[in-house]
Amino acid sequence: MEPGQCWDVGVLGATGLVGQQIVRRLEGHPWFRTCWLGASERSAGSRYGDLPWLLNEPRPASVNDLFVQRATPGQAPRLLFSALDASAALDIEKAFAEAGHIVVSNARPHRLDADVPLIVPEVNPGHLALLDVQRRQRRWQGAIVTNPNCSTVFLVMVLAAFREFRPRRVVVTTLQAVSGAGYPGLPSWDVLGNVIPFIDGEEEKIQTETAKILGTLEGNSVANDPVAVSAHTTRVPVADGHTETISIEFERPPAEEALVEALARFSGRPQQAGLPSAPRSPIEVVPGHDRPQPRLDLARGNGMTVSVGRIRRCPVLHYRLVALGHNTVRGAAGAALLNMELLAVDGWLGPPPGAGTPSCEPALATGGLAGQGGDA
Ligand SMILES: NC(=O)c1ccc[n+]([C@@H]2O[C@H](COP(=O)([O-])OP(=O)(O)OC[C@H]3O[C@@H](n4cnc5c(N)ncnc54)[C@H](OP(=O)(O)O)[C@@H]3O)[C@@H](O)[C@H]2O)c1
């Protein structure tokens, strides 16, 4: 990439927890520049800087004067991140893809569509080839690419590190942070001093998405990996960071040292290609009998590293361990950024626009809604 060249990008769902995390991580990004923010009718028309900011890092000054837009195609740049609520994402993301936008989504509705890539860039970057199928079958000028459910990301990275030993049966219990439910999320009365042993739809997502991500591209779709996953999901009174206890049975059970070594050396296309959001180590093995912990280990790799500890024999399956990942970063915003960066280096975005020729006019806070009149 030449200095000064970058793609203009927009964020759908920019007012939510994940959307704000995307906006924050785009600040100073070497390849992408935020010029458009979209959300629901509730926020449309508001100056972004006047809306509540939910993160503990400051809101980037460069976006304060953008007006939030309605989530309809029209004035948005070609490249969009989506952090839309799942209930809204199904139709809105489709409308943008039909209108020629490349949508990199955090939301659930399209993840299991046969022609939609569900990507963890270290694990299955080759599944992006499904975009050719998507274009042929749907005749879209644009595209939809998805990243998985947050708990799925951490589990799948661990299982991918162990691929040579062929994980066959997995039992995972999640202890999921409150921020995983978005904002405002759960009533404090429900979750403070409590554990809720149910998260709607979450167990199914972990089980089905894992099989697709670890699967093999065959013709026009992905043949699921045969790994069997049994997931229990719980919500716990932690702000950020999903912890997972994982027990695994292998077809070729290794020695414990080989397991540790496989985690420590795990790396993939983002590291080889030097993608800006790629952590040096996607997985770090954390020493200590009582680690990883959300308060101590969440910031590794700028939130993009999964911490793993307590690797030991399991008397029922072969091995068990504890994994921890940042749900709104590696599990959402950072995952989407890494996906967009992968699309860029793999040529799916085309050449970046030249220096000083922005592809969209920022919807600055000079009054009114850019694109209010409907689709262009
Ligand atoms: N939180 C996590 O850890 C996490 C992890 C992985 C994936 N995800 C997924 O990422 C997405 C965003 O999650 P979140 O936690 O950021 O949720 P959130 O805080 O509830 O934010 C939802 C966003 O969607 C917008 N929205 C809601 N209804 C809309 C509509 N009808 N039209 C247009 N925009 C609408 C909201 O805009 P307003 O502010 O205007 O209402 C807001 O910007 C969800 O699909 C979620 O499942 C979340």
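Colleague: How would you summarise the pairing of strand β6 (residues 143-146) if you had to cite specific residues and measurements?
Modeller: Of the two faces of β6, both are covered, the one formed by A143 and V145 as well as the one formed by I144 and T146. Judged from the four bridges that link them, strand β5 (residues 102-105) and β6 form a sheet pairing that is parallel. Along β6, the bridge assignment pairs V104 with V145.

Colleague: Please give an account of the sheet that holds strand β7 (residues 167-176) that cites residues and values.
Modeller: Reading across the sheet, the six strands line up as β10-β7-β11-β14-β13-β12 and stay open at both edges, with mixed pairing between neighbours. Since the sheet does not close on itself, it has two edges, and those belong to β10 (228-235) and β12 (283-285), each with one partner. If you compare each strand with its neighbour and ignore which way they point, the axes differ by 20° on average. Pairing of strand β11 (residues 242-250) with strand β14 (residues 319-325) involves seven bridges; the strand directions are antiparallel. In the strand pairing of β14, I248 is matched with Y319. On top of the sheet, helix α4 (residues 150-161) reaches β7, β10, β11, β12, β13 (306-313) and β14; it is set at about 35° to β11, its chief contact.

Colleague: Before we move on, can you summarise the pairing of β11 with the specific residues and values?
Modeller: Note that β7 and β11 share eight bridges and pair antiparallel. Pairing of V172 across the sheet is with I246, part of β11.

Colleague: Provide a residue-level description of unusual backbone geometry, including the pertinent values.
Modeller: Along the chain, Y183 connects to P184 via a cis peptide bond; the corresponding omega equals 5°. Mapped onto the fold, P184 is located in the loop between β7 and α5 (188-191). Note the cis peptide between R291 and P292, where omega equals 10°. Tracing the sequence through the fold places P292 in the loop between β12 and α9 (294-297). Of note in the backbone geometry, N302 takes a positive phi value of approximately 55° without being a glycine. Mapped onto the elements of the fold, N302 is located in the loop between α9 and β13. Here the phi dihedral of R310 falls at roughly 55°; this positive angle occurs in a residue that is not glycine. Of note, R310 is situated in strand β13.

Colleague: Which residues make up helix α3 (residues 130-138), and what are the values?
Modeller: Turning to α3, its buried residues number three or more, namely L130, L131 and Q134. Seen from one end, α3 has its buried residues packed into an arc of 105°, which puts them on one side.

Colleague: Describe the domain arrangement of the protein chain, with residues and values.
Modeller: When its domains are assigned, the protein chain resolves into domain 1 (7-147 + 331-345) and domain 2 (150-326). The C-alpha centroid of domain 2 is placed 24 Å from the C-alpha centroid of domain 1. Each partner contributes residues to the interface: domain 1 has 31 residues there, and domain 2 has 33 residues. Looking at which element gives the most residues to the side of domain 1 that touches domain 2, the answer is helix α10 (residues 329-345), with nine residues.

Each value, and the rule that gives it
- Residues numbered from 1 in each chain as written.
- Predicted model: local features only at pLDDT ≥ 70, side-chain atom pairs only at ≥ 80, totals over all residues.
- Buried ≥ 20, exposed ≤ 12 C-beta atoms within 10 Å, placed from the backbone.
- Helix = DSSP H or I, 4+ residues; strand = E, 2+ residues; numbered from the N terminus.
- Pairing = 2+ DSSP bridges.
- Axes fitted to C-alpha atoms, helices over the stretch in contact; angles between N-to-C directions.
- Contact = placed C-beta atoms within 7 Å.
- Arc of directions from axis to C-beta.
- Domains from an automatic or database assignment.

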